[in-house]
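Structural features, examined
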Amino acid sequence: MSNKPIANEHLSILKKYSAYYNLLSDFNKKQFEKRVQHFMYSKKFIPRGFEIVTDEMRVLISSSAIQLVFGLPGVYLANFDKILVYLDSYYSHIGKRYHQGEVNPRAGVIILSWNSFVKGYADLKDSLNLGIHEMAHAIHFENRIKNKDYDFLDFEALEILNEITRREIPKIREGNGHFLRNYAGTNQYEFFAVALEYFFENPQELYEAIPDLYITLKNLLNQDPIKLYKLAS
């Protein structure tokens with residue numbers, strides 16, 4: 001853990017690569033920097049198949065987590081103390097297939113393919129973002145694990161989200177061109193993760209297509225990307 005101001009080289013990485021950070025007000029940028037720093041020094045980043053997790057990797061993976069919990073002060077996904085980084089897709093012996101990322105709450109691990117992570121932030125309008133997707137899974141699990149972060153998501157908003165999920169998954173599975181991509185129909189966890197990709201990358205379009213879903217996610221995470229984009233424009 002570190003209470004030091006964010007290092008200049010880490011700040012440069014945020015300024016260069018984090019579109020979300022660059023949308024924030026000056027005050028919120030300072031808060032974001034502190035929280036990225038806090039997250040980064042509270043996790044162990046472990047390389048798989050290569051020598052070292054670079055500062056760029058550590059900063060940007062940390063910023064993807066803080067992006068999701070920025071409206072939830074004090075939440076740092078405490079259960080997940082290890083982040084495993086592969087350069088590319090990897091074979092999961094649990095799932096018996098190749099993965100780009102996954103979350104294992106029992107082991108306290110978030111696993112990411114760096115190449116897939118970078119692709120997710122290369123196009124900020126395609127609603128395909130591995131960092132957001134896997135951190136969404138981590139949030140979903142963290143909320144139910146009895147630790148210092150336990151039960152941080154608004155209960156009423158979660159109940160509404162569950163109702164929307166039960167309503168929308170059958171529509172997705174019908175295959176008649178639902179706004180959310182088909183993978184959201186897998187189960188409630190994938191619905192939440194995919195919905196957050198749309199929430200951050202295409203918020204206005206999500207609001208127009210499924211307004212109650214957008215409003216519920218806004219209440220759940222205590223942030224409003226539509227407003228953020230408008231203020232920054």
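In case you missed it, the structure is sitting above this.
What comes next is a walk through the structure.

Procedures and definitions
- Residues numbered from 1 in each chain as written.
- Predicted model: local features only at pLDDT ≥ 70, side-chain atom pairs only at ≥ 80, totals over all residues.
- Heavy atoms only, no water.
- Helix = DSSP H or I, 4+ residues; strand = E, 2+ residues; numbered from the N terminus.
- Rg over C-alpha atoms; globule rule 2.2 N^0.38 Å.
- Buried < 20%, exposed > 50% of the residue type's maximum accessible area, 1.4 Å probe, protein only.
- Areas by Shrake-Rupley, 256 points an atom, 1.4 Å probe, with all protein chains shown as cover.
- Lys, Arg positive; Asp, Glu negative; His and termini not counted.
- Charge placed at Lys NZ, Arg CZ, Asp CG, Glu CD.
- Salt bridge = Lys/Arg side-chain N within 4 Å of Asp/Glu carboxyl O.
- Expected span 1.5 Å × (residues − 1).
- Contact = heavy atoms within 4.5 Å.
- Pairing = 2+ DSSP bridges.
- Axes fitted to C-alpha atoms, helices over the stretch in contact; angles between N-to-C directions.

**Quick look at the overall build of the protein**
A count of helical and extended segments in the protein gives 11 helices and six strands. Relative to the compact-globule value of 17 Å for 233 residues, the protein shows a C-alpha radius of gyration of 17 Å, a close match. With the C-alpha coordinates aligned to their principal axes, the bounding extent of the protein is approximately 45 × 45 × 35 Å. Counting the 233 residues in the protein, one finds 51% classified as buried. Surface exposure of the protein reaches about 11700 Å², of which carbon and sulfur atoms provide 51%. Each charge sign in the protein was given a centre, from 28 positive and 28 negative side chains, and these centres are 4 Å apart.

**A short note on the pattern of salt bridges**
Scanning the entire structure with this criterion turns up six salt bridges. Here Arg-167 ties to Glu-168 by a salt bridge, and the two come within 2.7 Å at their closest N and O atoms. In this structure Glu-168 comes out as buried when scored by relative accessible area, which is 4%. Of the charged contacts in the structure, one is a salt bridge between Arg-167 and Asp-212, with a shortest N-O distance of 2.7 Å. Residue Arg-167 is found in helix 7 (residues 155-174), and its partner Asp-212 is found in helix 10 (residues 211-221); the two are separated by 45 residues along the sequence.

**Focus: helix 3 (residues 26-42)**
Along an α-helix, residues three or four positions apart point the same way, because every turn accommodates 3.6 residues. Between its terminal C-alpha atoms helix 3 stretches 25 Å, which fits the 24 Å expected from 17 residues at 1.5 Å a residue. Taken together, the buried positions of helix 3 are occupied by Lys-29, Phe-32, Glu-33, Arg-35, Val-36, Gln-37, Phe-39 and Met-40. Its buried side turned inward, helix 3 meets helix 1 (8-17), helix 2 (19-23), strand 1 (44-48), helix 4 (55-69) and strand 2 (82-86).

**Let's talk about the sheet that holds strand 6 (residues 109-113)**
Taken in spatial order, the four strands line up as 1-2-6-5 in an open sheet, and their pairing is mixed. The two strands at the open ends of the sheet, each matched to only one other strand, are strand 1 and strand 5 (101-104). Pairs of neighbouring strands in the sheet enclose a mean axial angle of 15 degrees, with direction left out of account. Pairing of strand 1 with strand 2 involves five bridges; the strand directions are parallel. When the sheet's bridge partners are listed, Phe-45 is paired in strand 2 with Ile-83.

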